[in-house]
Amino acid sequence: MKIQAFNNPYNILQSDRKNRVCFRGIANIQAANSPDVFEKRKHGVSVAKQSILSRIFSGKTQKQHPAYTKFLERNSKFSVDDFLSLSEEDRFVIKQEIGLKCLLPVCTNVNFARGIKQFLDEKYGNNEYVFVSIGKSPSLIAKVLEYMGVETKYLPMSKLGRKDNQFSDIDSTFLEYKFDKYGDFMRRQGITAEKLGSESKKYIFYDYTFSGDTLKRFERIMKEKFALPDDKIEFRSLDEDILRLFEGKIIIDDIDAAQEYVETYFNHGVAEKYSIIRGLPYTRVDIANYEPDALAKYDEQDPKIFNFLVMDNLNSLGILQNNPLNSSSL
(Lines give C-alpha, C1' and ligand atoms only; values in the text may rest on other atoms or scores of the structure.)
Protein backbone atom coordinates (compact mmCIF):
# COMPACT_ATOMS: atom_id res chain seq x y z
CA MET A 1 0.00 0.00 0.00
CA LYS A 2 1.35 3.40 -0.95
CA ILE A 3 1.85 5.92 1.85
CA GLN A 4 -0.54 8.83 1.45
CA ALA A 5 0.47 12.48 1.38
CA PHE A 6 0.14 14.50 4.57
CA ASN A 7 -2.35 17.16 5.51
CA ASN A 8 -1.25 20.78 5.87
CA PRO A 9 0.91 22.17 7.34
CA TYR A 10 3.13 19.19 6.62
CA ASN A 11 1.82 18.32 3.18
CA ILE A 12 4.97 19.35 1.33
CA LEU A 13 5.88 16.02 -0.15
CA GLN A 14 3.83 16.72 -3.24
CA SER A 15 5.61 15.25 -6.24
CA ASP A 16 5.82 16.20 -9.87
CA ARG A 17 5.77 13.51 -12.54
CA LYS A 18 9.41 12.73 -11.72
CA ASN A 19 8.44 12.36 -8.03
CA ARG A 20 10.93 14.94 -6.84
CA VAL A 21 10.23 16.90 -3.67
CA CYS A 22 8.70 20.31 -4.32
CA PHE A 23 7.68 23.21 -2.12
CA ARG A 24 3.97 23.47 -2.93
CA GLY A 25 3.10 22.81 0.72
CA ILE A 26 5.27 25.67 1.93
CA ALA A 27 3.42 28.00 -0.42
CA ASN A 28 0.15 26.63 0.98
CA ILE A 29 1.32 27.37 4.52
CA GLN A 30 2.24 30.92 3.59
CA ALA A 31 -1.08 31.47 1.82
CA ALA A 32 -3.08 29.96 4.68
CA ASN A 33 -1.31 32.23 7.16
CA SER A 34 -1.34 35.41 5.11
CA PRO A 35 -2.27 38.67 6.87
CA ASP A 36 -5.66 38.79 5.08
CA VAL A 37 -6.57 35.31 6.21
CA PHE A 38 -5.23 36.08 9.67
CA GLU A 39 -7.49 39.11 10.02
CA LYS A 40 -10.52 37.03 8.96
CA ARG A 41 -9.69 34.34 11.51
CA LYS A 42 -8.59 36.68 14.28
CA HIS A 43 -11.93 36.67 16.03
CA GLY A 44 -12.02 33.85 18.54
CA VAL A 45 -8.26 33.20 18.43
CA SER A 46 -6.57 33.31 21.84
CA VAL A 47 -4.58 36.38 22.85
CA ALA A 48 -1.34 34.40 22.82
CA LYS A 49 -1.96 33.16 19.27
CA GLN A 50 -2.96 36.64 18.11
CA SER A 51 0.24 38.04 19.60
CA ILE A 52 2.58 35.54 17.99
CA LEU A 53 0.85 35.71 14.60
CA SER A 54 0.82 39.51 14.65
CA ARG A 55 4.54 39.55 15.35
CA ILE A 56 5.24 37.17 12.47
CA PHE A 57 3.26 39.17 9.92
CA SER A 58 4.42 42.58 11.13
CA GLY A 59 8.04 41.54 10.66
CA LYS A 60 8.94 42.98 14.08
CA THR A 61 11.58 41.27 16.14
CA GLN A 62 10.44 40.77 19.70
CA LYS A 63 11.39 38.67 22.67
CA GLN A 64 10.80 34.94 22.31
CA HIS A 65 7.67 33.51 23.86
CA PRO A 66 8.43 31.93 27.28
CA ALA A 67 7.19 28.51 26.12
CA TYR A 68 9.67 28.52 23.24
CA THR A 69 12.50 29.78 25.45
CA LYS A 70 11.84 27.02 27.96
CA PHE A 71 11.81 24.45 25.15
CA LEU A 72 15.14 25.65 23.76
CA GLU A 73 16.77 25.75 27.18
CA ARG A 74 15.97 22.13 27.92
CA ASN A 75 19.13 20.00 28.04
CA SER A 76 17.66 16.53 28.49
CA LYS A 77 15.76 14.12 26.29
CA PHE A 78 12.43 15.47 25.02
CA SER A 79 10.12 12.47 24.88
CA VAL A 80 6.69 11.78 23.44
CA ASP A 81 5.25 12.15 26.94
CA ASP A 82 6.93 15.56 27.24
CA PHE A 83 5.37 16.63 23.94
CA LEU A 84 1.91 15.42 24.93
CA SER A 85 2.18 17.20 28.29
CA LEU A 86 2.43 20.56 26.52
CA SER A 87 -0.78 22.49 26.14
CA GLU A 88 -2.17 22.90 22.65
CA GLU A 89 -1.40 26.60 22.87
CA ASP A 90 2.24 26.03 23.86
CA ARG A 91 2.69 23.63 20.94
CA PHE A 92 1.20 26.23 18.63
CA VAL A 93 3.50 28.94 19.98
CA ILE A 94 6.61 26.75 19.59
CA LYS A 95 5.67 25.87 16.01
CA GLN A 96 5.09 29.51 15.14
CA GLU A 97 8.42 30.52 16.66
CA ILE A 98 10.16 27.82 14.64
CA GLY A 99 8.44 28.89 11.44
CA LEU A 100 9.38 26.97 8.29
CA LYS A 101 12.81 26.01 9.57
CA CYS A 102 13.50 22.31 9.20
CA LEU A 103 10.05 21.56 7.77
CA LEU A 104 11.30 19.91 4.60
CA PRO A 105 13.71 17.49 6.39
CA VAL A 106 10.94 16.60 8.83
CA CYS A 107 8.39 15.76 6.15
CA THR A 108 10.90 13.91 4.00
CA ASN A 109 12.10 11.70 6.84
CA VAL A 110 8.59 11.04 8.12
CA ASN A 111 7.56 9.91 4.67
CA PHE A 112 10.49 7.54 4.21
CA ALA A 113 10.31 6.27 7.80
CA ARG A 114 6.67 5.33 7.31
CA GLY A 115 7.72 3.39 4.25
CA ILE A 116 10.53 1.65 6.17
CA LYS A 117 8.10 0.75 8.96
CA GLN A 118 5.67 -0.76 6.47
CA PHE A 119 8.53 -2.69 4.88
CA LEU A 120 9.71 -4.03 8.27
CA ASP A 121 6.17 -4.77 9.49
CA GLU A 122 5.56 -6.89 6.40
CA LYS A 123 8.94 -8.64 6.66
CA TYR A 124 9.12 -9.31 10.42
CA GLY A 125 5.66 -8.59 11.80
CA ASN A 126 4.34 -5.54 13.64
CA ASN A 127 6.07 -5.17 17.04
CA GLU A 128 8.23 -8.21 16.26
CA TYR A 129 11.48 -6.32 15.69
CA VAL A 130 13.74 -3.70 17.29
CA PHE A 131 15.27 -0.98 15.11
CA VAL A 132 18.93 -0.40 16.06
CA SER A 133 20.58 2.71 14.59
CA ILE A 134 24.37 2.41 14.17
CA GLY A 135 25.86 5.88 14.46
CA LYS A 136 24.24 9.06 13.14
CA SER A 137 23.22 8.25 9.57
CA PRO A 138 20.09 6.13 10.29
CA SER A 139 19.11 8.13 13.37
CA LEU A 140 16.64 10.52 11.67
CA ILE A 141 14.61 7.57 10.39
CA ALA A 142 15.07 5.92 13.80
CA LYS A 143 13.63 8.93 15.65
CA VAL A 144 10.51 8.90 13.51
CA LEU A 145 10.07 5.18 14.16
CA GLU A 146 10.63 5.71 17.89
CA TYR A 147 7.86 8.31 17.95
CA MET A 148 5.60 5.89 16.07
CA GLY A 149 5.99 3.37 18.89
CA VAL A 150 8.66 1.11 17.36
CA GLU A 151 11.16 -0.14 19.94
CA THR A 152 14.32 1.72 18.96
CA LYS A 153 17.95 1.68 20.11
CA TYR A 154 20.88 3.95 19.26
CA LEU A 155 24.47 2.69 19.26
CA PRO A 156 26.93 5.51 18.49
CA MET A 157 29.94 4.29 16.51
CA SER A 158 32.01 5.87 13.75
CA LYS A 159 35.27 5.59 11.80
CA LEU A 160 34.98 1.81 11.42
CA GLY A 161 35.00 2.30 7.67
CA ARG A 162 38.42 3.98 7.60
CA LYS A 163 40.79 2.38 5.11
CA ASP A 164 43.70 2.40 7.56
CA ASN A 165 41.72 0.07 9.82
CA GLN A 166 41.93 -3.24 7.99
CA PHE A 167 40.32 -5.13 10.87
CA SER A 168 42.33 -8.16 9.78
CA ASP A 169 42.64 -9.46 13.35
CA ILE A 170 39.63 -8.62 15.48
CA ASP A 171 41.30 -9.92 18.66
CA SER A 172 44.27 -7.57 18.34
CA THR A 173 41.88 -4.71 17.58
CA PHE A 174 40.05 -5.32 20.85
CA LEU A 175 43.35 -5.69 22.65
CA GLU A 176 44.21 -2.16 21.53
CA TYR A 177 40.75 -0.66 21.95
CA LYS A 178 38.89 -2.17 24.87
CA PHE A 179 35.12 -2.40 24.38
CA ASP A 180 34.28 -3.15 28.01
CA LYS A 181 32.73 0.28 28.63
CA TYR A 182 30.84 0.02 25.35
CA GLY A 183 29.48 -3.33 26.52
CA ASP A 184 28.27 -1.71 29.74
CA PHE A 185 26.49 0.94 27.67
CA MET A 186 24.88 -1.75 25.51
CA ARG A 187 23.69 -3.50 28.64
CA ARG A 188 21.97 -0.31 29.79
CA GLN A 189 20.33 -0.14 26.37
CA GLY A 190 19.02 -3.68 26.80
CA ILE A 191 21.28 -5.27 24.19
CA THR A 192 22.97 -8.35 25.63
CA ALA A 193 23.29 -11.95 24.49
CA GLU A 194 21.14 -13.08 27.42
CA LYS A 195 18.32 -10.63 26.78
CA LEU A 196 18.20 -11.23 23.05
CA GLY A 197 18.25 -14.98 23.61
CA SER A 198 15.17 -14.75 25.83
CA GLU A 199 13.14 -12.63 23.39
CA SER A 200 11.18 -13.46 20.28
CA LYS A 201 11.92 -10.10 18.63
CA LYS A 202 14.50 -9.68 15.88
CA TYR A 203 17.07 -6.92 16.37
CA ILE A 204 17.62 -5.14 13.05
CA PHE A 205 20.91 -3.20 12.97
CA TYR A 206 20.88 -0.45 10.36
CA ASP A 207 23.63 1.71 8.91
CA TYR A 208 24.25 3.72 5.77
CA THR A 209 26.61 1.67 3.61
CA PHE A 210 28.77 3.78 1.32
CA SER A 211 31.33 0.96 1.16
CA GLY A 212 29.70 -1.51 3.55
CA ASP A 213 32.85 -1.78 5.67
CA THR A 214 31.37 -0.16 8.78
CA LEU A 215 28.34 -2.45 8.79
CA LYS A 216 30.47 -5.57 8.28
CA ARG A 217 32.91 -4.60 11.01
CA PHE A 218 30.15 -3.65 13.43
CA GLU A 219 28.52 -7.01 12.76
CA ARG A 220 31.78 -8.73 13.71
CA ILE A 221 31.94 -6.70 16.92
CA MET A 222 28.40 -7.68 17.91
CA LYS A 223 28.95 -11.36 17.11
CA GLU A 224 32.55 -11.97 18.10
CA LYS A 225 32.95 -9.62 21.06
CA PHE A 226 29.45 -9.55 22.51
CA ALA A 227 28.24 -12.96 21.29
CA LEU A 228 24.82 -11.75 20.20
CA PRO A 229 22.87 -14.77 18.92
CA ASP A 230 22.83 -15.11 15.12
CA ASP A 231 19.16 -16.04 14.98
CA LYS A 232 18.10 -12.84 16.80
CA ILE A 233 20.08 -10.25 14.85
CA GLU A 234 20.22 -8.97 11.30
CA PHE A 235 22.38 -6.27 9.73
CA ARG A 236 20.87 -4.22 6.93
CA SER A 237 21.80 -1.29 4.72
CA LEU A 238 19.40 1.62 5.16
CA ASP A 239 20.14 3.15 1.78
CA GLU A 240 19.56 -0.19 0.04
CA ASP A 241 16.23 -0.61 1.83
CA ILE A 242 15.25 2.97 0.95
CA LEU A 243 15.72 2.01 -2.69
CA ARG A 244 13.64 -1.15 -2.08
CA LEU A 245 10.74 1.16 -1.21
CA PHE A 246 10.82 2.18 -4.86
CA GLU A 247 11.06 -1.40 -6.07
CA GLY A 248 8.11 -2.42 -3.91
CA LYS A 249 6.11 0.71 -4.82
CA ILE A 250 5.60 1.30 -1.10
CA ILE A 251 5.94 5.09 -1.05
CA ILE A 252 7.09 6.26 -4.47
CA ASP A 253 6.67 5.36 -8.13
CA ASP A 254 10.02 6.60 -9.37
CA ILE A 255 13.52 5.82 -8.14
CA ASP A 256 14.65 9.45 -8.42
CA ALA A 257 13.10 10.43 -5.07
CA ALA A 258 14.78 7.53 -3.25
CA GLN A 259 18.15 8.31 -4.80
CA GLU A 260 17.71 11.99 -3.96
CA TYR A 261 16.99 11.13 -0.33
CA VAL A 262 20.10 8.93 -0.07
CA GLU A 263 22.25 11.60 -1.68
CA THR A 264 20.91 14.47 0.42
CA TYR A 265 20.61 12.92 3.85
CA PHE A 266 23.56 10.54 3.84
CA ASN A 267 26.19 11.82 1.40
CA HIS A 268 25.78 15.55 2.11
CA GLY A 269 25.65 15.44 5.89
CA VAL A 270 22.07 16.57 6.45
CA ALA A 271 21.54 13.60 8.76
CA GLU A 272 24.46 14.75 10.89
CA LYS A 273 23.01 18.25 11.22
CA TYR A 274 19.65 17.11 12.57
CA SER A 275 20.72 13.93 14.34
CA ILE A 276 20.51 13.92 18.13
CA ILE A 277 23.37 11.38 18.23
CA ARG A 278 27.00 12.47 18.63
CA GLY A 279 29.88 10.77 16.85
CA LEU A 280 31.88 8.15 18.75
CA PRO A 281 35.07 7.01 16.97
CA TYR A 282 35.88 3.37 17.68
CA THR A 283 39.34 4.50 18.83
CA ARG A 284 37.73 6.23 21.84
CA VAL A 285 35.41 3.48 23.03
CA ASP A 286 37.62 2.72 26.05
CA ILE A 287 37.78 6.34 27.25
CA ALA A 288 34.45 7.82 26.12
CA ASN A 289 31.84 9.26 28.47
CA TYR A 290 28.71 7.10 28.13
CA GLU A 291 26.32 9.36 29.98
CA PRO A 292 23.27 10.18 27.80
CA ASP A 293 24.03 13.91 27.62
CA ALA A 294 27.55 13.10 26.38
CA LEU A 295 26.32 10.78 23.63
CA ALA A 296 23.33 12.87 22.56
CA LYS A 297 23.01 16.51 21.48
CA TYR A 298 20.15 17.40 23.80
CA ASP A 299 21.48 20.96 24.05
CA GLU A 300 21.66 21.69 20.30
CA GLN A 301 18.86 23.57 18.59
CA ASP A 302 18.62 21.87 15.18
CA PRO A 303 18.12 18.28 16.48
CA LYS A 304 15.75 19.57 19.16
CA ILE A 305 13.56 21.38 16.63
CA PHE A 306 13.65 18.46 14.22
CA ASN A 307 12.43 16.01 16.86
CA PHE A 308 9.69 18.36 18.07
CA LEU A 309 8.34 18.87 14.55
CA VAL A 310 8.47 15.13 13.85
CA MET A 311 6.30 14.53 16.92
CA ASP A 312 3.93 17.30 15.92
CA ASN A 313 3.72 15.90 12.39
CA LEU A 314 2.96 12.39 13.60
CA ASN A 315 0.46 13.76 16.12
CA SER A 316 -1.38 15.57 13.32
CA LEU A 317 -1.54 12.24 11.46
CA GLY A 318 -2.85 10.43 14.56
CA ILE A 319 0.12 8.04 14.69
CA LEU A 320 2.24 9.54 17.49
CA GLN A 321 2.78 6.83 20.07
CA ASN A 322 4.87 6.50 23.23
CA ASN A 323 6.55 3.14 23.80
CA PRO A 324 7.81 2.71 27.40
CA LEU A 325 10.49 0.36 26.06
CA ASN A 326 12.20 3.44 24.59
CA SER A 327 12.61 5.21 27.93
CA SER A 328 16.33 4.35 28.15
CA SER A 329 17.09 5.07 24.49
CA LEU A 330 19.15 8.16 23.67
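Here is what the cut-offs are and how they apply
- Residues numbered from 1 in each chain as written.
- Predicted model: local features only at pLDDT ≥ 70, side-chain atom pairs only at ≥ 80, totals over all residues.
- Heavy atoms only, no water.
- Core = buried A, V, L, I, M, F, W, Y, C linked by side-chain atoms within 4.5 Å.
- Buried < 20%, exposed > 50% of the residue type's maximum accessible area, 1.4 Å probe, protein only.
- Helix = DSSP H or I, 4+ residues; strand = E, 2+ residues; numbered from the N terminus.
- Contact = heavy atoms within 4.5 Å.
- Polar contact = N/O pair within 3.5 Å; in protein donor to acceptor, adjacent residues only side chain to side chain.
- Phe/Tyr/Trp six-rings, centres within 6.5 Å; stacked < 30°, edge-to-face > 60°.
- Pairing = 2+ DSSP bridges.
- Axes fitted to C-alpha atoms, helices over the stretch in contact; angles between N-to-C directions.
- Salt bridge = Lys/Arg side-chain N within 4 Å of Asp/Glu carboxyl O.

## Details of the nonpolar core
Then, in step 1: By size, the foremost hydrophobic cluster in this structure holds 83 residues, and its most contacted members are Leu155, Tyr182, Phe205, Phe218 and Met222.
Then, in step 2: If one sorts the elements of this core by residue count, helix α7 (residues 103-124) sits on top with eight residues.
Then, in step 3: Non-local contacts of Met222, meaning those with residues more than four positions away in its chain, are made with Leu155, Tyr182, Met186, Phe205, Ala227, Leu228 and Phe235.

## Examining the side chain of Asn109
Then, in step 1: Topologically, Asn109 is positioned in helix α7.
Then, in step 2: Polar side-chain contacts of Asn109 include one of 2.8 Å to the backbone oxygen of Pro105.
Then, in step 3: Here Asn109 is in contact with Leu140, Ile141, Val144, Tyr261, Tyr265 and Phe306, once residues within four sequence places are set aside.

## As for the packing of aromatic side chains
Describing an aromatic ring pair means giving the distance of the ring centres and the angle of the ring planes.
Then, in step 1: Following the criterion strictly, the structure yields 14 aromatic pairs and no others.
Then, in step 2: When the centroid spacing of 5.4 Å and the interplanar angle of 85° are considered together, the rings of Phe71 and Phe78 count as edge-to-face. For the pair formed by Phe71 and Phe78, the shared burial category is buried.
Then, in step 3: Members of the aromatic cluster, connected to one another through ring pairs, are Tyr68, Phe71, Phe78, Phe83 and Phe308.

## Overview of the sheet that holds strand β2 (residues 152-155)
In a beta sheet, neighbouring strands pair by backbone hydrogen bonds and run either parallel or antiparallel.
Then, in step 1: Sheet architecture is open: four strands sit in the order β2-β1-β3-β4, paired in parallel fashion. Every other strand in the sheet has two partners, leaving β2 and β4 (233-237) as the edge strands with one partner each. Each neighbouring strand pair of the sheet contributes to a mean axis angle of 25°, computed without reference to strand direction.
Then, in step 2: Bridge analysis of strand β1 (residues 129-134) against β2 gives four bridges, and the strand direction is parallel.

## Describing the pattern of salt bridges
Then, in step 1: Taken as a whole and judged by the stated rule, the model has 20 salt bridges.
Then, in step 2: A salt bridge links Lys77 to Glu146, with the nearest nitrogen and oxygen atoms 3.2 Å apart. One end of the pair, Lys77, is in the loop between α4 (66-73) and α5 (80-85); the other, Glu146, is in helix α8 (residues 139-147), and 69 residues separate them in sequence.
Then, in step 3: For Lys77, a relative accessible area of 18% puts it in the buried group.
Then, in step 4: The partner of Glu234 in a salt bridge is Arg236, and the shortest N-O contact between them spans 2.7 Å.
Then, in step 5: You can call Arg236 buried: its relative accessible area is 11%.
Then, in step 6: Three or more residues are tied together by salt bridges with common partners; here these are Glu234, Arg236, Asp241 and Arg244.

Remember, this is a structural readout, not a statement about activity or role.
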